[in-house]
Amino acid sequence: MPKAQIVCMKWGDKYPAHYVNVLYAMARRHIQGDLRFVCLTDDASDVRPEVECLPCPDIAIPAPFNNTGWRKITLWTESLPDMTGDWLFLDLDVVVTGPLDDFFTFKPEASFVVMHNFTQPGTGIGNTSVYRFRVGSHPYLLERTLKEPLVLVKQYRNEQTFVSRCIKEIEYWPEAWCLLFKVHCVPPMPLRWWRPPALPETARVVAFPGEPNPDQAIAGLWPAKKSYKKIYKHILPTDWVAEHWRE
């Protein structure tokens, strides 16, 4: 079995070190054997010692895009310092709920395997909250981003759309493995007012794009800036998130 190698990225102050520490703990509980866990970050303070912190690469494109998801494109360089082979990338706001070992053996020949984007079904766009990539396999993605960043950010709504549309090889995880909290777990209206979010039995990773974040889901909070959105942005406290999202 290939060695388990996981990488995440943390820059700025959106997520504290606690998110990195929890992500490591969840991965460690769900992987058999050795694990190398790297966090690419601009601030390694308070990150647990089992996590290997390396500098988070900057991307030379105009602000504010240089500090959005487009920064993840830096992983598509020809080489990464002290990182080779295949890596499983996990966003900081995912919750690991099941075995991860199969993520390292699934379609081993593939240089890019990504989560389905369930908010845009049938479009061929992946969700880069959870993907496996091979270092140095598709450097043209970064090269093109650096060459024409303003063209790309206008043409593609985000980094994952650009990668999905332009990468020369793409495979997808089985749909049942990687799910979305708001799509697959939160009950439809009006049931969400008296029924808490449920965890599908097949889920191995649950992604939390936008809000709520895992800590908010535990508390039953779904922030809504406009009062009318509070009608449907409502969840009850979610015990299974608390069970999994912990150090």
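For the structure, check the block above.
Residues numbered from 1 in each chain as written. Predicted model: local features only at pLDDT ≥ 70, side-chain atom pairs only at ≥ 80, totals over all residues. Heavy atoms only, no water.

*Asks:* What should I look at first to understand the pattern of salt bridges in this one?
*Replies:* Any two side chains of opposite charge can pair, so long as their charged atoms come close to each other. Taken as a whole and judged by the stated rule, the model has 11 salt bridges. For R36, the salt bridge goes to E52, with nearest N and O atoms at 2.9 Å. Taken as a pair, R36 in strand β2 (residues 35-41) and E52 in strand β3 (residues 52-55) lie far apart in primary sequence, 16 residues in all. The shortest N-O distance in the salt bridge between K72 and E159 comes to 4.0 Å. Within this pair, whereas K72 is found in the loop between β3 and β4 (86-90), its partner E159 is found in helix α4 (residues 159-166), the two being separated by 87 residues in sequence. Given a relative accessible area of 7%, K72 falls into the buried group. Sharing partners across several salt bridges, the network here consists of R36, E52 and D82. (Salt bridge = Lys/Arg side-chain N within 4 Å of Asp/Glu carboxyl O. Helix = DSSP H or I, 4+ residues; strand = E, 2+ residues; numbered from the N terminus. Buried < 20%, exposed > 50% of the residue type's maximum accessible area, 1.4 Å probe, protein only.)

*Asks:* Just to check I follow, could you spell out α4 for this structure?
*Replies:* Note: α-helices contain 3.6 residues per turn, so residues at a spacing of three or four share the same orientation. Counting buried residues in α4 gives seven out of eight residues, a clear majority hidden from the surface. Looking only at α4, the buried set comprises E159, Q160, T161, F162, V163, S164 and C166. On its buried face, α4 is in contact with β6 (112-116), β7 (126-134), α2 (140-147) and α3 (149-155). (Contact = heavy atoms within 4.5 Å.)

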